[in-house]
Amino acid sequence: MRKPTAICSISKRWERWRVSRRRLSAFLILMVLSTEPAFAGPSPINPDFADTAILAQLPNVRVNTAQPPSSPEALASQVHEYIRQARSTGDPRFIGYAEGILSPWPENRMTDELRVLRATLYQSQHKFDKARTDLRTVIQQGYGPQRLQALLTLANVQTVQGRYDQARTACQQLQQAMPGLISQSCLALVDARTGQAREAYQTLLAGYRQARGAATSEQLWALGTLGDLADQLDNDKAEQYWREVLLSNPDDLYIRAELADWYLRHHRAQPVLALTRGYEKVDSLAVLRAIAMRRLDHPDAPTLVQRLRERFSEARWRGSMLHKRDYARFQLHVENDPELALEFALANWKTQREPPDTRLLLLAAREAGQTERSRPVRQWLASHHQTDARYPGDTP
Amino acid sequence: MSHHNPLAFAALWVALLALMSPVAHAHKASDSFIYISPDEGHLRVDLALRDLALLVSLDRNGDQAVSGAEVRAARPAITRTVEQGVMVSNAGGPCRLTGQRWGISEHSDGNYAAADYRIDCADGGTPDTLRYTLLFHIDPLHRALVSIEGSSGSRLAVFGPETGEISLGTRPPSPWQTFLTFVHQGVLHLLMGMDHLFFLLVLAIPATLGVRAATGSRRALGLTARIKKLAGIATAFTVAHSITLALSALNIVNLPSAWVETAIALSITVTAINVIWPVLGERTWLLAFGFGLVHGFGFASVLSDLTSGQSELASALAGFNIGVELGQIGLLLVGFPLLYALAHRPVYERAMVPIMLAVVGVTSLVWAGQRVPLPGWIG
């Protein structure tokens, strides 16, 4: 039975208010935590390093430290290159370099392409409102590839933040402008998050099978989505889909982390080591690697865990916790501190509501014996009819 | 594949993944480390070799690897860079840094060039101010993490592109200092923001006019009555925006800023219209209260930009609010007598008021149009 809309929206608002009270307490706790000096003294200065020692490896991309590009096209291509580099290596310095050349650019010379890129940078720094503003401008006034890109990016932002109605609208607009596997994947993901996972999976699978001639990038995109939907339905095909994506695109860190997490959930720690080898600098993958090493009693586990502790405490000193999910995961499954994990999982969930975010929060609440704190999340899930095999039940 | 532009797709695919990865998969970001003991006159600066390579030519043979020999060869350039980018001073002027120990140190993401310095200030006193300017022009996300060691323990601070300087007093800025800083910010924001000036103007105008009688003509009000009326309006506005400012600053209620800005602009238009056609009634104080609630959210978004990394949130909030009030009172003290003086001339009510209202009403309507986050109503 559907509730009348007014009641529904009041109850939603009430729930939002309750969530924000939780946020307030999480915020206060974070303030307390962030003032705690969690610091060891500086490491010693070594004056006697060998001349032949390789002390640092520089990135292959040249960083522009001289004159910034003067045409919008040149600027866009440089920003694009930096973003690509940040994506494939997980290195946030490139986000900074991109911002460094883009932010002095005058507003009245902004092009649609630059706005889409700026929105991407905003999103990667969790400035979601600003990202949306730029994307909407492009969707309204732009045309061609930039408008498509803006629609897809907006759909992605909205889906990540759990704003499924708005995400669906963006996916539909994308479908009108350009039917194909990308827009099908876009819609399938939103449908799956709102109570129609099985149908969405079947439809996308059928679409994928019919589109054998589609561009590789489209096929890979659909495969990545199929993996996610399969995983949501507890279908082991997920492994195969994601493996296939990584075969063509080994630097897809997002899929790599999803697959590694899948192995951990299926009690297979060994393949996680192989998947995360060489990716120790990427926080999400390093945390998954540490969990796997612990399970396997790997001799290198203490070193990696120590390195992660240091990295996270530096990030807290820095103050911008852009990696709350990773930190919460680290606290929950490496440090065995579900209370702290829950605080960060709650703070993370404020802005990111993908299944891994939700799962982590529910797990931490259960482990911490504070399931009442995950109740608003459960209510939110119920209001979207979102069910997911990855989510734990509340009773241990 | 006839309807697809392959180029569009290449771009699409790349940026799409870019969106998803950097957030969730951050490495350690670019940080420098500064350890300073003002009392002992000691400073240590650690700069990541990767970051230094952007400032001095480290990789002389261009093989994308920095060797020990290359670091040694670049030592003079590194020292010059640090001297230009890290400045210690006190009331007597800049202090001199003398290098003592130099080498490589290790942090969680690799090797850093590290150096110890002795600090000598011109007046022989202890340094009290630190500045740091390196790298921000290339990477605005770069930060310098500072640890200030004192006899009573250490304190952490962070340099970002907008930090300017950090005070080395071993105590963090007192709530009182924070309060004063934010009073200043509050005054500035009220006086620099055309929105609030316009809104106050259209709120004040009815108090300068008489009371509409049943016949449609206006009955003149005495000065005391006008001031009372104005005080009521100003108080209602203040109470209302204080409530929402607090709710929003404490993260209890959050509204999307684009809509708040649009609503603020519209509230000015509506209030301007209401002076001529009192569709919302003649009790201006009620209007001031209702719309004051909206303006409070606007103040909050400014405040939240200023308070990132601010631990004294309560002092900041109180200071900002009081600053806004001071700005408001100051403005009314200057503006109201001016309007009152003019109000005695017939041209005031017949021409000046309508012109002011038209200018304010139309301008704010244009703002509303620019701010509305519409495009297709998605999101």
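In this text, all values refer to a predicted model and were calculated from it rather than measured experimentally.

Student: So, the overall build of chain B: which residues are in play, and what are the values?
Tutor: Each helix and strand counted, chain B has eleven helices and twelve strands in total. Across the 379 residues that make up chain B, the buried fraction comes to 43%.

Student: Hey, could you go over the nonpolar core for me, with residue numbers and the actual values?
Tutor: The nonpolar side chains of soluble globular proteins are, as a tendency, buried together. Grouped together as the largest cluster of nonpolar side chains are 152 residues, with contacts concentrated most on A345(A), A364(A), L49(B) and V146(B). Contact partners of L49(B), with chain neighbours within four places excluded, come to L55(A), A56(A), L58(B), V66(B), V71(B), N111(B), Y112(B) and A113(B). Formed by 49 residues, the second largest nonpolar core is a distinct cluster that contains V183(B), V202(B), A343(B) and L357(B).

Student: Can you break down the sheet that holds strand β10 (residues 165-167) of chain B residue by residue, with the values?
Tutor: Across the sheet, nine strands lie side by side as β9-β8-β1-β2-β6-β5-β4-β7-β10 (chain B); this open sheet has mixed pairing. Both edges of this open sheet fall to β9 (153-159) and β10 of chain B, since each of them pairs with a single strand only. Averaged over all adjacent pairs, the angle separating strand axes in this sheet is 25 degrees, with direction ignored. Summarising the sheet, strand β4 (residues 86-90) of chain B and strand β7 (residues 129-132) of chain B pair through four bridges and their orientation is antiparallel. Among the inter-strand pairings, S89(B) is bridged to a residue of β7(B), identified as T129(B). Against the sheet, helix α15 (residues 301-318) of chain A engages β1 (31-37), β8 (143-150) and β9 of chain B, with an angle of about 90 degrees to β8(B). Contacting β2 (42-48), β4, β5 (93-107), β6 (110-121) and β7 of chain B, helix α4 (residues 75-85) of chain B runs over the sheet at an angle of about 130 degrees to β5(B).

Student: So, the UniProt feature "transmembrane region" (unreviewed entry) in chain B: which residues are in play, and what are the values?
Tutor: Mapped onto this numbering, the UniProt entry gives "transmembrane region" (unreviewed entry) at residues 187-209, 230-252, 258-277, 284-304, 316-339 and 351-369 of chain B. Secondary structure content for residues 187-209 of chain B is 91% helix and 0% strand, and the end C-alpha separation is 28 Å.

Student: An account of the pairing of β5(B) is needed here, citing residue identities and associated values.
Tutor: On a regular strand, one side chain projects to one face of the sheet and the next to the other, so that they alternate. Residue and element names in this part refer to chain B. Where β4 meets β5, two bridges bridge the pair, whose relative direction is antiparallel. Bridging across to β5, N90 finds its partner in G93. Relative to β6, β5 runs antiparallel, the two being bridged by twelve bridges. When the sheet's bridge partners are listed, T98 is paired in β6 with R118. In this antiparallel pair of consecutive strands, β5 and β6, the connection spans two residues.

Student: Any chance you could break down the pairing of β7(B) for me, citing the residues and the numbers?
Tutor: Residues and elements named next belong to chain B. Here β7 shows one buried face, formed by L130 and Y132, and one open face, formed by T129 and R131. The sheet contact formed by β7 and β10 spans three bridges and is antiparallel. Following the sheet pairing, R131 is matched in β10 by E165.

Student: Can you break down the confidence of the model for chain B residue by residue, with the values?
Tutor: Residue and element names in this part refer to chain B. Put simply, chain B has an average pLDDT of 81, and 85% of its residues get 70 or more. Per-residue pLDDT stays below 50 along residues 1-11; that stretch engages in 16 contacts with residues further than four places along the chain or on separate chains. A low-confidence stretch, residues 375-379 stays under pLDDT 50, and its non-local contacts, those more than four residues away or across chains, total 17 contacts. Across the interfaces of the predicted complex, the ipTM metric reaches 0.79, alongside a pTM of 0.67.

Student: For the environment of T181(B), give the residues involved together with the corresponding values.
Tutor: Residues and elements named next belong to chain B. When you line up the elements, T181 lands in helix α5 (residues 175-192). Residue classification places T181 among the partly exposed residues on the basis of 19 C-beta atoms within 10 Å. Sequence separation between T181 and G323 is 142 residues, and the spatial gap between their C-alpha atoms is 9.4 Å.

So, how was this worked out
Residues numbered from 1 in each chain as written. Chains lettered and ligands numbered in written order. Predicted model: local features only at pLDDT ≥ 70, side-chain atom pairs only at ≥ 80, totals over all residues. Helix = DSSP H or I, 4+ residues; strand = E, 2+ residues; numbered from the N terminus. Buried ≥ 20, exposed ≤ 12 C-beta atoms within 10 Å, placed from the backbone. Core = buried A, V, L, I, M, F, W, Y, C linked by C-beta atoms within 7 Å. Contact = placed C-beta atoms within 7 Å. Pairing = 2+ DSSP bridges. Axes fitted to C-alpha atoms, helices over the stretch in contact; angles between N-to-C directions. UniProt positions renumbered as here; feature names shortened; annotations may be inferred. pLDDT = per-residue confidence, 0-100.

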